[in-house]
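Listed below, chain by chain, are the residues.
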Amino acid sequence: MTDRIDRARAFAALHVPGRPVILFNIWDVGSALAVAEAGAKALATGSWSVGAAYGATAAEAVPIADALANAARICAATPLPVTLDFEGGYATDSAALADNFGRAMATGMVGINYEDQVIGGSGIHPIGPHAARIAAMRAVDGDAFINARTDIFLKAPAEAHDAAALDAALERARAYGDAGASGFFAPGLKDERLIARLCAASPLPVNIMMAPGVPDARRLAELGVARVSHGPGPYRLAIQAVTTAARSALGD
C-alpha cells in the first residue's frame, strides 16, 4: 500500500503548469512496456484503446472485471505510476461507484480519469450529483489522482467552443475540485485562447488531449497546461503500422 501511495504522490507531483507530464496512452502490458522503454515518467490507459483491443466500441463495453484484470497486469509489469481511464466508473450510484473505485485502486493504479458524460445515454450529468460521486470516491482514497473529465467540448462542435462554454467548464472545475478532484480534463478543447483562460482560472491542473488542431506540447506548456494525453492516437498509430506491414507481407 505504501508503495502505491508513494507512486500516487509522485504522479501528482508531475502535474506542473508550464511543464506538463506527457501521457502517451497505453492499452495492455506490451504497449505499457514500449512506452516505458521510450522514457515515460508515468503511464495512462486509454479506455477507447482498451475497448478497441478487446473488440468493443461502446463506452464501458469491456466488462469491469476484464478492465480491472487488464489494469492489474499492467501495474504488475512496471514500476511506473499508472492511471486508469475509468470512463463513468461503471455506476451512477455513489456507493456502487465508490466500491468500483476501490477495486480499481486495489489493482495498483494511482488514479483514474472520471468523465461527466452520461454513459449509454446523452448529455452530461448535472454538476451537483456528479460532484457528490467524486466526493464518494475521494472518501475511499485520499491519495489517488482523480482526473475529472468534462465532456462539454466533446459534445459540441468547435465553432460552439466559446466564452460561455468555457465558463460552464470552469463552473465544473470548481465544483469537482471542491469535491476532491485532483485534476481537470477538457478533451476536445483546441482554441489557444480558451485553453489559456482555462489554465489561468481553473483551481485544478489542466489536462488537454492531443488531436488534430490542438497546439503542440510546447505551446500547450506555454499556455499553462499541466498534463498532455494522447487518447486513442497511439493505438491508431500502432494498428496503422500493423496494417501497412501486413499488406506488404501479404503482397497487397
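Residues numbered from 1 in each chain as written. Predicted model: local features only at pLDDT ≥ 70, side-chain atom pairs only at ≥ 80, totals over all residues. Heavy atoms only, no water.

S.K.: In this structure, what is going on with the pattern of salt bridges? I would like to understand it.
M.R.: Where charged atoms of side chains with opposite charge meet at close range, the side chains can pair. Tallied over the entire structure, the rule returns ten salt bridges. For arginine 7, the salt bridge goes to aspartate 3, with nearest N and O atoms at 3.1 Å. Highlighted residues: arginine 7 and aspartate 3, both in helix 1 (residues 2-13), separated by four residues, approximately one helical turn. Relative accessible area serves as the criterion here: at 16%, arginine 7 is assigned to the buried category. Several salt bridges converge on common partners, so that one network encompasses Glu115, Arg149 and Asp151. (Salt bridge = Lys/Arg side-chain N within 4 Å of Asp/Glu carboxyl O. Helix = DSSP H or I, 4+ residues; strand = E, 2+ residues; numbered from the N terminus. Buried < 20%, exposed > 50% of the residue type's maximum accessible area, 1.4 Å probe, protein only.)

S.K.: I'm lost on the layout of surface pockets in this one. Help?
M.R.: The rolling of a water-molecule-sized probe over the atoms marks out the regions of remaining empty space. Approximately 680 Å³ is the volume found for the largest pocket. Around the largest pocket, the lining comprises 41 residues; the ones closest to its centre are Ser47, Trp48, Asp85, Glu87 and Arg149. Sorting the residues of the lining of the largest pocket by element identifies helix 3 (47-54), helix 4 (64-77), strand 3 (82-85), strand 4 (111-115) and strand 8 (227-229) as the ones contributing at least two each. Classifying every residue of the lining of the largest pocket by side-chain character gives 20 nonpolar, twelve polar and nine charged. Pro20, Val21, Ile22, Ala40 and Lys41 are, among the 13 residues lining the second largest pocket, the residues nearest its centre. Residue composition of the lining of the second largest pocket, by class: ten nonpolar, one polar and two charged. (1 Å grid on protein atoms, 1.4 Å probe; cavity = no way out; pocket = protein on both sides within 12 Å on 5 of 7 lines; lining within 4 Å. Points joined across faces, edges and corners; volume = space filled by probe spheres on them. Nonpolar A, V, L, I, M, F, W, Y, C, P; charged D, E, K, R; others polar.)

S.K.: Is there a simple way to explain the sheet that holds strand 3 in this structure?
M.R.: Through backbone hydrogen bonds, the strands of a sheet pair up, either in parallel or in antiparallel fashion. The strand order 1-8-7-6-5-4-3-2 describes an open sheet built from eight strands, whose pairing is parallel. Across the chains shown, the open sheet's two edge strands, defined by having one partner strand only, are strand 1 (21-23) and strand 2 (43-44). Here strand 1 runs beside strand 8; their pairing, made up of three bridges, is parallel. Bridge pairing in strand 8 links valine 21 to arginine 227. Of the strands in this sheet, strand 3, strand 4 and strand 5 (145-149) are in contact with helix 5 (residues 94-106), which crosses strand 4 at around 145°. (Pairing = 2+ DSSP bridges. Contact = heavy atoms within 4.5 Å. Axes fitted to C-alpha atoms, helices over the stretch in contact; angles between N-to-C directions.)

S.K.: I keep staring at the packing of helix 2 (residues 29-37) against helix 4 and nothing clicks. Help me out?
M.R.: Each pair of packed helices can be summarised by the angle the axes make with each other and by the distance between the axes. It is the contact of helix 2 with helix 4, at a shortest axis distance of 9 Å, that shows an interaxial angle of 35°. For the element pair helix 2 and helix 4, the recorded crossing hand is right-handed. Touching Val29, Ala32 and Leu33 of helix 2 are Arg73, Ile74 and Ala77, all from helix 4. Tallied by class, residues from the contact of helix 2 with helix 4 come to five nonpolar, no polar and one charged. (Left-handed = near helix turned anticlockwise from the far one by under 90°.)

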